[in-house]
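Residue-level structure breakdown
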Amino acid sequence: MKNTLKFLLALALSAVLLSACGTDEKSKDTGSDKEKNVLTIGTEATYPPFTFRDKKTNDITGYDVEVAKEVAKRLDMEAKFVPTEWKNMFTSLDSKRFDLVANQVTITDERKGQYDFSTPYTVSGGQVIVNKENTDIKGIEDLKGKVVGTTQGSNYAAEAEKAGAKTKYYKGVAQVLTDLDVNRVDAAMNDQLFILTELKKTDYNVKAVGEPFNKNEMAFAFRKGNEDLIKKVNEALEEMKNDGTLEKISEKYFGENVSE
């Protein structure tokens, strides 16, 4: 009888231990699921009106940020932004520091060889910027032999070199414009939308010259092999386009629809 009682107690104890182990595993799984519900997004946070910090709250905001937040919301995910210098953006994406880049990334053939892209959410063009006192440079065709300030890894660096210019690299657009303001460089290049909205708000002694020299389509950038995530993001962008959300965000920052 005593042996039977001991056996039954041992069985009961084993059942309790197994149940506890099962609870721990379930807890771990739940934690993992929570991690999967966070969409990490690389962005500069220094490039208004696309991605910048609100002066009052210090929160990261802007056109790209709002589009990315809305996409995450429609995927039932929490958007987590990771401020990153542009020169480190793609290496950080490669090292899985974040899931995607939301920073007016221009789709180029070279980049498509290394990364995948969502459907575009911005269509614009590049334009040349010079000091207001400069009368020699009237457009991209006048950049041969000149020094163009740009950020490392920018597609405008390639455009400047293609035009025959030398490039001088800076940490961000503010540093480029500061040096252009005092003629340390001959010119700069930037997106037409940035020039139309933000450049006119500054005190830099600079101006845009010439017509836009290309047509750019900007999209979210992903590491290769994320087809499922890209498909979901594209479906969310399509919904946002169809229900007017993308146009509404666009008009908030630019006064017109720049998403197509």
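The structure under discussion appears in the preceding block.
The notes below deal with the structure included here. (Residues numbered from 1 in each chain as written. Predicted model: local features only at pLDDT ≥ 70, side-chain atom pairs only at ≥ 80, totals over all residues. Heavy atoms only, no water.)

Turning to the overall build of the chain, a few remarks are in order. Assigned secondary structure in the chain consists of 9 helices and 14 strands. Among the 260 residues that make up the chain, the fraction classed as buried is 43%. A separation threshold of at least 6 residues defines the contact pool for the chain, and within that pool the share at least 24 residues apart is 68%. If you sum the accessible surface of the chain, you get close to 14,500 Å²; carbon and sulfur atoms cover 49% of it. (Helix = DSSP H or I, 4+ residues; strand = E, 2+ residues; numbered from the N terminus. Buried < 20%, exposed > 50% of the residue type's maximum accessible area, 1.4 Å probe, protein only. Contact = heavy atoms within 4.5 Å. Areas by Shrake-Rupley, 256 points an atom, 1.4 Å probe, with all protein chains shown as cover.)

Cis geometry is adopted by the peptide bond preceding proline 49, which originates at proline 48 and carries an omega value of 0°. The phi dihedral of alanine 45 falls on the positive side, at around 65°, and the residue is not glycine. Along the chain, the position of alanine 45 falls in the loop between strand E1 (38-43) and strand E2 (46-47). Here aspartate 76, not a glycine, exhibits a phi torsion of approximately 60°, which is positive. Looking at where aspartate 76 falls in the secondary structure, it is placed in the loop between helix H2 (63-74) and strand E5 (78-83). Taking relative accessible area as the criterion, aspartate 76 reaches 65% and is therefore assigned exposed.

Pairing in this open sheet of 3 strands is antiparallel, and the strands run E2-E3-E4 from one edge to the other. Pairing within the sheet leaves two strands with one partner each, and these edge strands are E2 and strand E4 (60-61). Sheet topology note: the E2/strand E3 (residues 51-53) ladder contains 2 bridges and is antiparallel. Directly across from tyrosine 47, in E3, lies its bridge partner threonine 51. (Pairing = 2+ DSSP bridges.)

This part takes up the pattern of salt bridges. Going through the model one piece at a time under the given rule, you end up with 12 salt bridges. Its salt-bridge partner being arginine 74, residue glutamate 239 comes within 3.6 Å of it at the nearest N-O pair. Here arginine 74 lies in helix H2 and glutamate 239 lies in helix H8 (residues 227-242), a separation of 165 residues in the sequence. The exposure class of arginine 74 is partly exposed, given its relative accessible area of 28%. Bridged by salt links that share partners, the residues Glu70, Arg74, Glu239 and Asp243 form one connected network. (Salt bridge = Lys/Arg side-chain N within 4 Å of Asp/Glu carboxyl O.)

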